[in-house]
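Commentary on secondary and tertiary structure
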Amino acid sequence: MRLVVEKDAAACSRFVADAFERVIKEKPTALLGLATGGSVTDLYRMFREDYSAGRVDFSEVSTVNLDEYVGLPGDHKQSFAWFMEEHLFSKTNIPRKNVHLYDGSGDAELETAKMKAFLDENVIDILLLGIGNNGHIGFNEPDAVFTCAPHAVELAEETIAANARFFSPGEEVPKYGMTIGMRDVVRAKKVILVAFGAAKAAAIAALFGDDLVDPQLPCSTLKLAADAVVVVDEALAASANLSR
Ligand code: GLP
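The next thing to look at is the site of the ligand. Neighbouring residues of the ligand: 16 residues in total, closest Gly-38, Ser-39, Asp-67, Arg-165 and Lys-200. Here an oxygen atom of the ligand sits 2.8 Å away from a polar atom, N or O, in the side chain of Arg-165. Protein chains shield 93% of the accessible area of the ligand, which is 390 Å² for the free molecule. Its residues assigned to classes, the shell around the ligand shows five nonpolar, eight polar and three charged.

Written as structure tokens, this is what we have:
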């Protein structure tokens, strides 16, 4: 697992965009593992700009999303499907037929079984991860054990609280999610985790603080991945006491 420290969030996003675009250039049919959240909006803007400028061609890629809320249909503005549509899919030439999302309004067992079947057959070439304040990746929350395959989860209180900022006041924040599992993370050929902001510093400090893989710190599975990069900005690196 490698640490990359960039000046600020924009420079981190540029680093990640370049890594993805290199993979797509080398393998136009690459399977991209995609995340949602505030940490990746800049990155998706860069993808849109690079696509418009002819610097990247998504016409043969496939995509798979990490996670989704249980109970939110794809046309709900806080669903991850809607986020992807808004930020990326509707503004690039990613073929719809190659997009793999959970249907948040579908049966969670069935949706995660479908995702498992897909990931049994397909290995992610490059996987983008954000991180929760508690160290979660996708919706793999701190727990006594890791789950390998895609599955439904009860979200941690602090995840619900952190995600409430995206919902209107009074609107109910989903309590359950669906997520890829740890096998899917570890099997990816390349994994890039991005983190900015003081709220993520404790989890990142813990990640680099020892050589353990701990289900209470879900991001620690990155230590098992063949090629994992953690990209943080200088501010986070300073608060987590990390040097380049
Ligand atoms: C959610 C998602 C995660 C994401 C995390 C961080 O909980 N399930 O996949 O990494 O939020 O989001 P943000 O980048 O908005 O802090």
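Looking now at helix H4 (residues 108-121). Counted at 1.5 Å a residue, the expected span for H4 with its 14 residues is 20 Å, and the 20 Å between its end C-alpha atoms agrees. Within the span of H4, buried status applies to Ala-108, Glu-111, Thr-112, Met-115, Phe-118 and Leu-119. Within H4, the buried residues cover an arc of 115° as seen down the axis, which keeps them to one side. Opposite its buried face, H4 presents the exposed residues Glu-109, Leu-110, Lys-114 and Glu-121, each directed more than 90 degrees away.

Moving on to unusual backbone geometry. The phi dihedral of Asn-241 falls on the positive side, at around 60°, and the residue is not glycine. Counting through the fold element by element, Asn-241 comes out in the segment after helix H8 (234-239).

Let us now look at the sheet that holds strand S5 (residues 99-100). Hydrogen bonds between backbone atoms are what pair the strands of a sheet, whose relative direction is either parallel or antiparallel. With parallel pairing, the seven strands of this open sheet are ordered in space as S1-S10-S9-S6-S2-S3-S5. Each having just a single partner strand, strand S1 (2-6) and S5 make up the two edges of the open sheet. Inspection of the sheet shows strand S3 (residues 62-65) paired to S5 by two bridges, in the parallel sense. Looking at the pairing, Val-64 lines up with His-100 of S5. The strands touched by helix H1 (residues 9-26) are S1, strand S2 (31-34), strand S6 (126-129), strand S9 (191-195) and strand S10 (228-233); relative to S10, the strand with the most contacts, the crossing angle is about 155°. Contacts from helix H7 (residues 201-209) reach S1, S9 and S10, with the element oriented near 140° to S10.

Moving on, we get to the sheet that holds strand S7 (residues 151-154). A sheet is described by the order of its strands in space; here three strands give the open sequence S4-S8-S7, paired in antiparallel fashion. Every other strand in the sheet has two partners, leaving strand S4 (67-69) and S7 as the edge strands with one partner each. Across this sheet, the average inter-strand angle for adjacent strands is 25°, counted without regard to direction. Summarising the sheet, S7 and strand S8 (residues 176-179) pair through four bridges and their orientation is antiparallel. The residue bridging Glu-154 from the neighbouring strand is Tyr-176, located in S8. Where H4 meets the sheet, it contacts S7 and S8, and its direction lies at approximately 130° from that of S7.

The rules we used
Residues numbered from 1 in each chain as written. Predicted model: local features only at pLDDT ≥ 70, side-chain atom pairs only at ≥ 80, totals over all residues. Heavy atoms only, no water. Near = heavy atom within 4 Å. Polar contact = N/O pair within 3.5 Å; in protein donor to acceptor, adjacent residues only side chain to side chain. Areas by Shrake-Rupley, 256 points an atom, 1.4 Å probe, with all protein chains shown as cover. Nonpolar A, V, L, I, M, F, W, Y, C, P; charged D, E, K, R; others polar. Helix = DSSP H or I, 4+ residues; strand = E, 2+ residues; numbered from the N terminus. Expected span 1.5 Å × (residues − 1). Buried < 20%, exposed > 50% of the residue type's maximum accessible area, 1.4 Å probe, protein only. Arc of directions from axis to C-beta. Pairing = 2+ DSSP bridges. Contact = heavy atoms within 4.5 Å. Axes fitted to C-alpha atoms, helices over the stretch in contact; angles between N-to-C directions.

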